[in-house]
Amino acid sequence: MIEIERKFLVKSDDYKSEAASKTRIVQGFLNTDPNRTVRVRIKGDLGFITVKGKSNETGTSRFEWEKEISVEEAESLLKLCEKGILNKTRYEITIGNHVYEVDEFYDDNEGLTVAEIELNDENESFQKPAWLGIEVTGEVKYYNSQISKNPFKNWKD
């Protein structure tokens, strides 16, 4: 399956009052090779393993395969992950025909909040809420696999 998404920074916490749901997520990476990443995630009371391929030139689309696994399996796999386990809360906000997933990061990534929107087509139009900041689609440093290796606290302005 091909995933098409765009990514933005978030400039205020107004999204929280619009959220239909919020879920705690812990995730790590078994592999962060640029051509393929293998992610393990516990999202609420569910476990997942996900393989993502290399992004296209614009950074908007890439292959993604995901399978639900037990939380116990995910916990075991997290122990094998590369250094840099991510801890975040995901807020889901429906605006128009789309759902924004806003991730508020913790620990070494405290202060970083990123919104993603999945699209059916790279050129599909969508509504941009007032809390949406600058677009960072395709900027590798904002990929979760990279944030786990080079956390936000280490970034220089």
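Higher on the page you've got the structure.
Note that this is a predicted model, so its numbers are computed, not measured. (Residues numbered from 1 in each chain as written. Predicted model: local features only at pLDDT ≥ 70, side-chain atom pairs only at ≥ 80, totals over all residues. Heavy atoms only, no water.)

S.K.: So, the overall build of the protein: which residues are in play, and what are the values?
M.R.: The number of helices and strands found in the protein is three helices and nine strands. From first element to last, N terminus to C terminus, the protein shows the α and β order β-α-β-β-β-β-α-β-β-β-β-α. Computed over the C-alpha atoms, the radius of gyration of the protein is 15 Å, within 12% of the 15 Å expected from 2.2 N^0.38 for a compact globule of 157 residues. Projected onto the principal axes, the alpha-carbon positions of the protein cover approximately 40 × 35 × 30 Å. The burial tally for the protein puts 48% of its 157 residues in the buried class. (Helix = DSSP H or I, 4+ residues; strand = E, 2+ residues; numbered from the N terminus. Rg over C-alpha atoms; globule rule 2.2 N^0.38 Å. Buried < 20%, exposed > 50% of the residue type's maximum accessible area, 1.4 Å probe, protein only.)

S.K.: Any chance you could break down helix α2 (residues 71-78) for me, citing the residues and the numbers?
M.R.: Within α2, the full set of buried residues consists of Val71, Ala74 and Leu78. Buried residues along α2 cover an arc of 60° about the axis, so they all sit on one side. Buried residues along α2 sit in contact with β2 (21-33), β3 (36-43), β4 (46-53) and β5 (61-69). (Arc of directions from axis to C-beta. Contact = heavy atoms within 4.5 Å.)

S.K.: With reference to specific residues and values, describe the pairing of strand β7 (residues 98-105).
M.R.: Across the eight residues of β7, seven count as buried, placing the element largely inside the fold. Judged from the eight bridges that link them, strand β6 (residues 86-95) and β7 form a sheet pairing that is antiparallel. Within β7, the position partnered with isoleucine 95 by the bridge is histidine 98. Where β6 folds back onto β7 in an antiparallel hairpin, the turn is made up of two residues, including glycine 96, whose phi is positive at roughly 65°. Pairing of β7 with strand β8 (residues 113-118), which is carried by five bridges, proceeds in the antiparallel orientation. Its bridge partner lying in β8, tyrosine 100 is registered against isoleucine 117. (Pairing = 2+ DSSP bridges.)

S.K.: Outline the pairing of β8, listing residues and values.
M.R.: For β8, the buried fraction is high: five of the six residues fall into the buried class. Both strand β1 (residues 2-10) and β8 contribute to a ladder of five bridges, which runs antiparallel. Bridging from a neighbouring strand, lysine 7 pairs with glutamate 116 of β8.

S.K.: Could you give an account of a nonpolar patch on the surface, naming the residues involved and the relevant values?
M.R.: Side chains of Ile2, Phe63 and Trp65 sit close together on the surface and give an oily, nonpolar patch of about 310 Å² of accessible area. Examined against the element boundaries, tryptophan 65 turns out to sit in strand β5. Overall, the relative accessible area of 41% leaves tryptophan 65 in the partly exposed class. (Patch = residues over 30% accessible without salt bridge, like charges linked within 9 Å, V, L, I, M, F, W, Y side chains within 5 Å. Areas by Shrake-Rupley, 256 points an atom, 1.4 Å probe, with all protein chains shown as cover. Salt bridge = Lys/Arg side-chain N within 4 Å of Asp/Glu carboxyl O.)

From the geometry alone we can't say anything about function, so treat these as descriptive.
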